[in-house]
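Chain by chain, the residues run as shown.
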Amino acid sequence: MPRYVINGGNPLKGEVEISGAKNSALAIIVAAALATEGESIIENVPQGRDVGTICMILKSLGVDLWFDSQNRLHIKAQNLNRYQAPYDLVRKMRASFYCAGLLLGRLGKAEVPLPGGCAIGSRPVDYHIKGFSQMGADITIEHGFMKATCKKLKGTNLFINRSSVGTTINLMIAATLAEGTTTLENAAKEPEVVDLAIFLNAMGAKIRGAGTDIIRIEGVDKLHGTEYSIIPDRIEAGTFMFAAAITGGDVVIKKVVLEHLRSPILKLEEAGAILEKGANEIRVRAPERLKAIDVETSPYPGFPTDLQQPLVAAMCLAEGTSLIRETIFDRFRYVDELRRMGADIKVERETAIIRGITKFTGAPVEVTDLRAGAALTIAALAAAGTTEIYGVEIIERGYERFEHKLRCLGADIVREETSEVSDIFSQIDEVKV
Ligand code: UD1
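Every chain is numbered on its own, with residues counted from 1 as its sequence reads. Under the rules for a predicted model, residues below a pLDDT of 70 receive no local features and side-chain atom pairs below 80 are neither given nor counted, while totals for whole chains, interfaces and linings still include all residues. To obtain the side-chain values, all non-hydrogen atoms of the structure were included, while hydrogens and water were left out.

Draft legend 1. Summary view of the overall build of the protein. The number of helices and strands found in the protein is 14 helices and 23 strands. The C-alpha atoms of the protein give 22 Å as radius of gyration, which agrees with the globular expectation for 433 residues (22 Å, within 12%). Accessible area is worked out with a 1.4 Å probe on protein chains only. A residue is then buried under 20% of its type maximum, exposed over 50%, and partly exposed in between. For the protein, with 433 residues in total, the buried portion stands at 54%. Of the contacts made within the protein by residues no fewer than 6 positions apart, 73% connect residues no fewer than 24 positions apart. The protein chains shown are the only cover counted for residues, whose accessible areas, like all others here, come from Shrake-Rupley with a 1.4 Å probe. Summing over all exposed atoms, the protein offers an accessible surface of approximately 17700 Å²; the carbon and sulfur share of this is 48%. Helix numbering and strand numbering both begin at the N terminus, where a helix is a DSSP run of H or I of at least 4 residues and a strand a DSSP run of E of at least 2. The globule rule used here is 2.2 Å times the number of residues to the 0.38 power, and the radius of gyration it is set against is calculated over C-alpha atoms. Contacts: residue pairs with any heavy atoms within 4.5 Å of one another.

Draft legend 2. Inspection of the domain arrangement of the protein at higher detail. Each domain of the protein was delimited in the assignment, giving domain 1 (3-19 + 232-423) and domain 2 (22-231). Contacts between the two partners involve 24 residues from domain 1, matched on the other side by 24 residues from domain 2. The salt bridge criterion pairs a side-chain nitrogen of Lys or Arg with a carboxyl oxygen of Asp or Glu, the two atoms within 4 Å. Our count for the domain 1 to domain 2 interface comes out at 3 salt bridges. A salt bridge links R397 to D50; the shortest N-O distance between them is 2.8 Å. Residues are grouped as follows: Ala, Val, Leu, Ile, Met, Phe, Trp, Tyr, Cys and Pro are nonpolar; Asp, Glu, Lys and Arg are charged; all remaining types, including Gly, are polar. When the residues that make up the side of domain 1 that touches domain 2 are grouped by side-chain class, the tally is 6 nonpolar, 5 polar and 13 charged. Where each domain begins and ends follows an automated or database-derived domain assignment.

Draft legend 3. Representation of the pattern of salt bridges within the structure. Tallying each qualifying case throughout the model produces 27 salt bridges. Salt-bridge contacts for R3 lead to E416; the nearest nitrogen and oxygen are separated by 2.7 Å. Placement of R3 in strand β1 (residues 2-7) and of E416 in strand β23 (residues 412-417) is noted, with a sequence separation of 413 residues between them. A residue is classified by how much of its surface remains accessible, and R3, at 18% relative accessible area, is buried. Judged by its relative accessible area of 31%, E416 is partly exposed. One salt bridge connects E192 with R234, and the closest N-O pair in it is separated by 2.8 Å. Here E192, found in helix α7 (residues 191-202), pairs with R234, found in helix α8 (residues 234-246); they are 42 residues apart in sequence, far enough to count as distant. When sorted by exposure, E192 lands in the same class as R234, which is buried.

Draft legend 4. Region of the structure containing the packing of aromatic side chains. Centre distance within 6.5 Å is the pairing criterion for rings of Phe, Tyr and Trp, where only the six-membered ring of Trp is used; planes under 30 degrees apart are then read as stacked, over 60 as edge-to-face, and the remainder as tilted. In the structure shown here, the tally under the stated rule is 4 aromatic pairs. A centroid spacing of 5.5 Å and a plane angle of 65 degrees characterise the contact between F199 and Y228, whose relative ring orientation is edge-to-face. Remark: Y228 occurs in strand β13 (residues 227-229) and F199 occurs in helix α7; sequence separation between them is 29 residues. In terms of burial, F199 and Y228 fall into one category: buried. When the ring of Y399 is compared with that of F402, the centres are 4.7 Å apart and the planes differ by 35 degrees; the resulting orientation is tilted. Put simply, the rings of F240, Y399 and F402 pair up and form one aromatic cluster.

Draft legend 5. Layout of the site of the ligand. For the ligand, the set of nearby residues contains 21 residues, the closest of which are D126, S164, G166, D306 and I328. Separating an oxygen atom of the ligand from a backbone N or O atom of P124 is a distance of 3.2 Å. In protein, a polar contact requires one atom able to donate a hydrogen and another able to accept it; more generally it is a pair of N or O atoms within 3.5 Å, and residues adjacent in sequence count only if both atoms are side-chain atoms. Take Y127: an N or O atom from its main chain is 2.8 Å from an oxygen atom of the ligand. Those elements giving two or more residues to the shell around the ligand turn out to be α5 (126-134) and α6 (165-175). Tallied by class, residues from the shell around the ligand come to 8 nonpolar, 7 polar and 6 charged. Here the shell around the ligand gathers at least three residues from each of two domains, domain 1 (3-19 + 232-423) and domain 2 (22-231). Here a residue counts as near a molecule or strand whenever at least one of its heavy atoms sits within 4 Å of it.

Draft legend 6. Structural view of the environment of F97. Take F97: it is sitting in the loop between α3 (87-90) and α4 (98-107). For F97, a relative accessible area of 1% gives the class buried. The spatial distance from the C-alpha of F97 to the C-alpha of P113 is 7.8 Å, given a sequence separation of 16 residues.

Draft legend 7. Representation of the sheet that holds strand β21 (residues 364-366). Judged by pairing direction, the sheet is mixed, and its 4 strands sit side by side in the order β21-β22-β1-β23 without closing on themselves. What marks the edges here is a single partner per strand, and that holds for β21 and β23. Looking at each pair of strands side by side, their axes are set apart by 20 degrees on average, direction ignored. As defined by bridge partners, β1 adjoins β23 across 6 bridges and the pair is classed as antiparallel. Following DSSP output, two strands are said to pair if at least two bridges run between them. Structural elements are reduced to axes, namely lines fitted to C-alpha atoms, with helices fitted over the stretch in contact, and the angle between N-to-C directions of any two is expressed from 0 to 180 degrees.

Draft legend 8. Region of interest: the nonpolar core. We call a set of buried Ala, Val, Leu, Ile, Met, Phe, Trp, Tyr and Cys residues a nonpolar core when their side-chain atoms join them within 4.5 Å. Residues I29, L34, F132, M172, I173, L196 and L200 are the most contacted members of the largest nonpolar core, which totals 77 residues. Considering each element in turn, this core owes the most residues, 8 residues, to helix α1 (residues 22-32). Those residues in contact with L196 that lie beyond four places of it in its chain are A27, I28, A31, I169, M172 and I173. Counting 74 residues, the second largest nonpolar core, distinct from the first, contains V256, M315, I345 and A380.

Draft legend 9. View of the pairing of strand β4 (residues 64-67). When β4 meets strand β5 (residues 73-76), the two strands line up antiparallel, connected through 4 bridges. Within β5, the residue paired with W66 across the bridge is H74. Taking the residues between adjacent antiparallel strands as the criterion, β4 and β5 are bridged by 5 residues, where N71 takes a positive phi near 65 degrees.

Draft legend 10. Spatial organisation of the packing of α8 against helix α12 (residues 370-381). Across the interface, α8 lies against α12 with an axial gap of 9 Å and an inter-helix angle of 25 degrees. Judged on the interaxial angle alone, α12 and α8 are roughly parallel. As α8 packs across α12, the resulting crossing turns out to be right-handed. Residue-level contacts link I235, T239, F242, A243 and I246 of α8 to R371, A374, I378 and A379 of α12. Of the residues belonging to the contact of α8 with α12, the class tally is 7 nonpolar, 1 polar and 1 charged. The labels follow the angle: roughly parallel below 35 degrees, roughly antiparallel above 145, roughly perpendicular from 65 to 115, and oblique for the rest. Two helices crossing with the near one rotated counterclockwise from the far one by less than a right angle form a left-handed crossing, whereas a clockwise rotation gives a right-handed crossing.

What follows is the structure, given as structure tokens:
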């Protein structure tokens, strides 16, 4: 089990390059398997654990995937012929449920485990299932699986209750090969949804309106492989922006799309950071001390829920009291860990009330979920003394070479393997022998 050991206090300085967007990659890799002709070659795929998991799931369904020497992912899906997604892999990540849209679109049959609860609260997939059913699939829920069949999905008008990212992606994947036109109303407008639509159109799909709240998908008979490069990860970029601001740093964050970062940029400026914008980069210089601000998370283009935790970590050291309201998920469990580092945070329903302190103190802490892991890491970089962060394999689900990138910016961070309890038993056996 890996952990980070961080000696805080070094201001981050230098340049960092942002990887491809994890959430785009997960959708695009699954969508690539809709093609019955040719192969897709995808560039800028971030090599985190979640991407590895989705590749393994597709392999188990009969899809050929491999990385070439330039780290481009090749996907050939002519042999996709199995419709049962394995529980052991699907349980690791909710986005695995995108396989349901793929299998229904391609094979007209899908057996996919329902994702369970997770560390950021209950995350149902009822909107996805309702959409498949309205498109004509016969669906039963049995033994923890969604079992769905259809001759061919039929295009129809679908209204998504909340502008859910996952539902928009799954239904878009399913609708590309459906009979007739599907309209998704109240669709998510996130850049990752737009990225998927551009990719699907390059495969021969007919999708209009992605990036607005009405997406129209005219079904086509077949799709072919294509070459594509995934957009930069706006959440990774935002995490480095907060890391620079909290450590008193001066960092140029390269390979970003500034438009995707509008809300975090405005909020950091409001908190007193000095931001210089270039064409595909942004320089973040920390002020003497950050100022408290109030923020509410909301769907794009609002402040992303995935940056709420790094923001909270930064506000813990700001002058004054901040109110941070989380409207998407139940995402404040990690504040107990920040409190162990000295943070003064009170949570009332969906709002965190943060009174600024002047310094975190290093402590052993545990990662509860991906973005909480990023928040604890950047808090540790600004802390007095040493912080040990346990559970960093969760951070590695979504951040590519996180500790390496931080080390290149001057952070005193090492990744260590700790022994598991089971190792003790093998040591006992060795002694007995
Ligand atoms: C995606 C992102 C995640 C991000 C989130 C919100 C991926 C792989 N993950 O998650 O990083 O934090 O968007 O921007 O892209 N809901 C239902 N029923 C459903 C579907 C959603 O009630 O069937 C609710 C959720 O519980 C949540 C809200 O709708 O409260 C929005 O969730 P959604 O946008 O679907 O998030 P994900 O796609 O799971």
